[in-house]
Structure formats: C-alpha cells, structure tokens
Amino acid sequence: MKSVTCTNAKLEVVDAPTPTPTKGQLLIDVLRCGICGSDLHARHHCDELADVMAESGYDAFMRSDQRVVFGHEFCGEVVDFGPGTRKAPRPGTRVVALPLLRRGKEVHGIGLSTMAPGAYAEQLLVEQSLTFAVPNGLSPEIAALTEPMAVGWHAVRRGEVGKRDVAIVIGCGPIGLAVISMLKSHGVRTVIASDFSPGRRALATACGADIVVDPAHGTPYETAAGRKHLHGILEAFDLAVGTIEKLQRLRLPWWHVWRAADAVGAATPKHPIVFECVGVPGIIDDIIANAPLFSRVVVVGVCMGADRIRPAMAINKEIDLRFVLGYTPLEFRDTLHMLADGKVEVAPLITGTVGLSGVDAAFDALRDPEAHAKILIDPGSDANRPV
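Cut-offs and rules
Residues numbered from 1 in each chain as written. Predicted model: local features only at pLDDT ≥ 70, side-chain atom pairs only at ≥ 80, totals over all residues. Heavy atoms only, no water. Helix = DSSP H or I, 4+ residues; strand = E, 2+ residues; numbered from the N terminus. Buried < 20%, exposed > 50% of the residue type's maximum accessible area, 1.4 Å probe, protein only. Contact = heavy atoms within 4.5 Å. Areas by Shrake-Rupley, 256 points an atom, 1.4 Å probe, with all protein chains shown as cover. Domains from an automatic or database assignment. Buried area = accessible area lost by both parts, 1.4 Å probe. Salt bridge = Lys/Arg side-chain N within 4 Å of Asp/Glu carboxyl O. Polar contact = N/O pair within 3.5 Å; in protein donor to acceptor, adjacent residues only side chain to side chain. Lys, Arg positive; Asp, Glu negative; His and termini not counted. Axes fitted to C-alpha atoms, helices over the stretch in contact; angles between N-to-C directions. Parallel < 35°, antiparallel > 145°, perpendicular 65-115°, else oblique. Left-handed = near helix turned anticlockwise from the far one by under 90°. Nonpolar A, V, L, I, M, F, W, Y, C, P; charged D, E, K, R; others polar. Pairing = 2+ DSSP bridges.

**A closer look at the overall build of the protein**
1) Next: Scanning the protein from terminus to terminus reveals 11 helices and 17 strands.
2) Next: Based on the C-alpha atoms only, the size of the protein along its principal axes is roughly 80 × 40 × 40 Å.
3) Next: Residues classed as buried in the protein amount to 50% of the 387 residues present.
4) Next: Taking the intrachain contacts of the protein between residues at least 6 apart in sequence as the baseline, contacts between residues at least 24 apart amount to 70%.
5) Next: Here the protein has roughly 18,000 Å² of accessible surface; of this, 54% comes from carbon and sulfur atoms.

Okay, structure coming up:
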C-alpha cells in the first residue's frame, strides 16, 4: 500500500507493507484524513515536543530522524479483523475511531509514533473497541472531522460555559472554529471571535460567531457584550463596598444574604470564558493582562516552545487558567452523533482535498490562513495540490 512518511521534515510517498491486524484490531481502508495543525508543527518541531512527552511519561513520541506516518483525524471502511476479534462493525461499514492503538501492553497515539502509523495512507489499523460506525449516512468528509471537533467539544465542556455566558475565542484556525461551532451547538448565546486574518474571521462567522473582531483595530473584551464585566481592580473594590452598603439597608444580617446568593452562584461577578486557540508564545500572558477580572481562560492551542506568564497579574485579576488535551471516548462518540444529526455546522472548515501525492503541497498551502483552514487527504485521489 502507499503511505506518506515524514523523516527529518521531508514528506514523501512510499510503498509500505499492508498492516496486519492482531487480536482486537481492525484493518480499514482510509477514505479521508484531515491534516491537523499538530502535524504541521510536528514536521519541524517533533523533537522538542518528544522531550516534553517523555518528561510527561510517554517516551515513544515521534523523533525527527524516524520514519513516521502522520494522520489521526480519519474516516475509513472496515476491511478485515484480527484473530479472535468480534466481527463488528461488519466489513464495508464506514467508521471513525479514537486514534489509539495497542502494541503489546502499551497504548500508542496513532499518527504520533512509529508504533502506530497514521492515516496518511491507503490502509490503517484501529482498535475495535474504539471504533464507531458512522450513522445517518454521514459523508466521510464530515465524519473525518469527528476527532478535531471532539477536541472543541472537550474544551467547551472543560470551560463550563453556560448559555448566558459570554465566550471569547482567540484564534480562528481549525481548532478555534471547532470551539466556536461547539459553543453554538451548546446554545451559548454570545460568542465573540478574534483573529487577524479576514478569511478566518469570515469562517468564524460561518461557524456561528455572533461578533467578530480584528485585533489590529479593536479588542474582543471591549465589545458591547464584554462591557458588562469588571475590567479593573477599582471596579471590583467598588462592587464589594457597594454590595455591602446595599445589603445593610435591608436591616438583615448581610452575611446570611450573601451566603444565600453565593450558594446559587449569584455572588460571583459575571465574567467571560476565554478560549486560547493560537498556541504561540505570549498569547496566554496577553489574555491574562487584557481579559476582564475573574475570567476563566481555557488553553486549547498547543504552544510548542517555552512561554512566560506573570503570575502576579493573574493573581490580581483572579484569573482561572485551565489547560485541555484531547477528549474522552464518550465525548468522541457524542461528537460523531452531533455531526450526524446536523447539530454542528462544520462544512465551512473544509477548504480543500488532496491525494497522497499532494500532501507536501497541502502543508505549504496551510501556511496561508487566507487560503485554507482544513485540507483533507483522499488516498484514492490523484490531486497533487488542494482542490
């Protein structure tokens, strides 16, 4: 079979043996595979990330001198089963799967290690237990977006966003757009998106953003929706003193009233939930410095290098900082069904398709945010550049 390998940042199409499924595994024909931003980063910076992964407890992450097959966002069709594997889903069934693969007693990330080659290939091994049949006749193009959309859904859930909250998405690349789509599917009424790229701002609108801001000419924190939040320490002091003064006029023990309000969440000043979806040094600190007081910041973008923040600034503003990774199996399954039921709008994200011979050109094209957001690989296509 043909696959695309990456070694020392060089992408090339090679002939590889057809993988053989072992017990509990399925062999699938790859129908579509998305090119992820992490693939773009890993091409040139995998050694740096591998060091971090090793320190975190995973020492099999790809290295630049290894021959790695990328691809963890995919939809395929069942071809064969490993020995002793339950014959479900049946051959010919379109499926998606969590990108994890057992190798002996270890589990490896598909497309992120030599131990689990990814879906930049004609065929792929997946775990039967992590495989889901594609429902409702969902197209393979949309089904292949299950994985990145699940990342967005996990981020929204970790952000604990209420429908009446203001959500601010910084960065409208594929993951930022996934977060916007999932926020709107969750019923969040006010979603503010910010990006320097006109093309990405247009995609943010297509995905449901209510307000779109060019940070070169404005700030997402000072929109009409954002002005109801506290922006300075003096405002917080004034609110605290003013609240006490009002409660004391009730001629009741003010602490009992405050405690009752606190129990139902009414004592905490309104604050936005900010999703950092850029992943470059300096962004987190910039958000901490400029976001309203008490903001909850959910870091979704993956910064590949070292970064700095000022803890004193975050402390003075009582910023809630959360980091997210991936999704749970349930979130993955639920995302697939949200896509199949038409509850999430994702078609605008897909801006091009290439065959295996066009992967190198697709990586180049994705450098231009005005040209593309999500490019899919169709192993059956001869397209050598995005169409």
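Still more ground to cover, so stick around.
**Points about the domain arrangement of the protein**
1) Next: On domain assignment, one finds that the protein holds domain 1 (2-133 + 346-377) and domain 2 (151-323).
2) Next: If you average the C-alpha positions of domain 1 and of domain 2, the two centres end up 34 Å apart.
3) Next: The interface is formed by 10 residues belonging to domain 1 together with 12 residues belonging to domain 2.
4) Next: Interface area for domain 1 against domain 2, summed over the two sides, is near 1,100 Å², with a carbon-plus-sulfur share of 69%.
5) Next: Considering only the surface of domain 1 that becomes buried against domain 2, Pro-348, Leu-349 and Glu-370 emerge as the three largest contributors, covering 38% of it.
6) Next: Scanning the region where domain 1 abuts domain 2 turns up 0 salt bridges.
7) Next: Taken together, domain 1 and domain 2 are joined by 2 residue pairs in polar contact (both at pLDDT 80 or more).

**Description of the side chain of Asp-39**
1) Next: Inspection of the secondary structure puts Asp-39 in helix α1 (residues 37-56).
2) Next: Lacking a salt bridge, the buried Asp-39 has Lys-374 as its closest oppositely charged neighbour, with an N-O distance of 7.2 Å.
3) Next: Within the structure, the side chain of Asp-39 is placed 2.8 Å from the side chain of Tyr-120, a separation counted as a polar contact.

**Some points on the packing of helix α3 (residues 146-159) against helix α4 (residues 174-185)**
1) Next: Following both chains from N to C, one finds α3 and α4 inclined at 60°, their axes separated by 8 Å at the closest point. Here α4 runs oblique to α3, going by the angle between their axes. In this structure, α3 meets α4 at a crossing whose hand is right-handed. Of the residues in α4, those in contact with Pro-148, Met-149, Val-151, Gly-152, Trp-153, Ala-155 and Val-156 of α3 are Ile-175, Ala-178, Val-179, Ser-181, Met-182 and Leu-183.
2) Next: In terms of residue class, the contact of α3 with α4 is built from 11 nonpolar, 2 polar and no charged.

**Quick notes on the pattern of salt bridges**
1) Next: Applying the stated criterion across every chain yields a total of 15 salt bridges.
2) Next: Note that Arg-63 and Asp-51 form a salt bridge whose closest N and O atoms lie 2.9 Å from each other. Taken together, the residues span a long stretch of sequence, with Arg-63 in the loop between α1 and β4 (73-81) and Asp-51 in helix α1 at a distance of 12 residues.
3) Next: Ionic pairing is found between Arg-201 and Asp-214, a salt bridge with its closest N-O pair at 3.7 Å. Pair noted here: Arg-201 is in helix α5 (residues 198-206) and Asp-214 is in the loop between β12 (211-213) and α6 (233-248), with a separation of 13 residues, a long-range link. The pair formed by Arg-201 and Asp-214 is uniform in burial state, with each residue classed as buried.

**Some details on the sheet that holds strand β13 (residues 273-276)**
1) Next: The 6 strands lie next to each other as β12-β11-β10-β13-β14-β15, forming an open sheet whose pairing is parallel. The sheet is open, and its two borders are formed by β12 and β15 (320-323), each paired with just one other strand. On average, adjacent strands in this sheet sit at an angle of 20° to one another, irrespective of strand direction.

**Looking at unusual backbone geometry**
1) Next: Here the amide bond leading from Ala-88 into Pro-89 is cis, since omega sits at -5°, within 30 degrees of zero.
2) Next: Assignment of secondary structure puts Pro-89 in the loop between β4 and β5 (94-97).
3) Next: Although it is not a glycine, Asn-8 sits at a positive phi angle of roughly 50°.
4) Next: With respect to the helices and strands, Asn-8 occurs in the loop between β1 (2-7) and β2 (10-15).
5) Next: When its relative accessible area of 53% is taken as the criterion, Asn-8 is described as exposed.
6) Next: With a phi angle near 50°, Glu-318 is a residue other than glycine that sits in the positive phi range.
7) Next: In this structure Glu-318 comes out as exposed when scored by relative accessible area, which is 54%.

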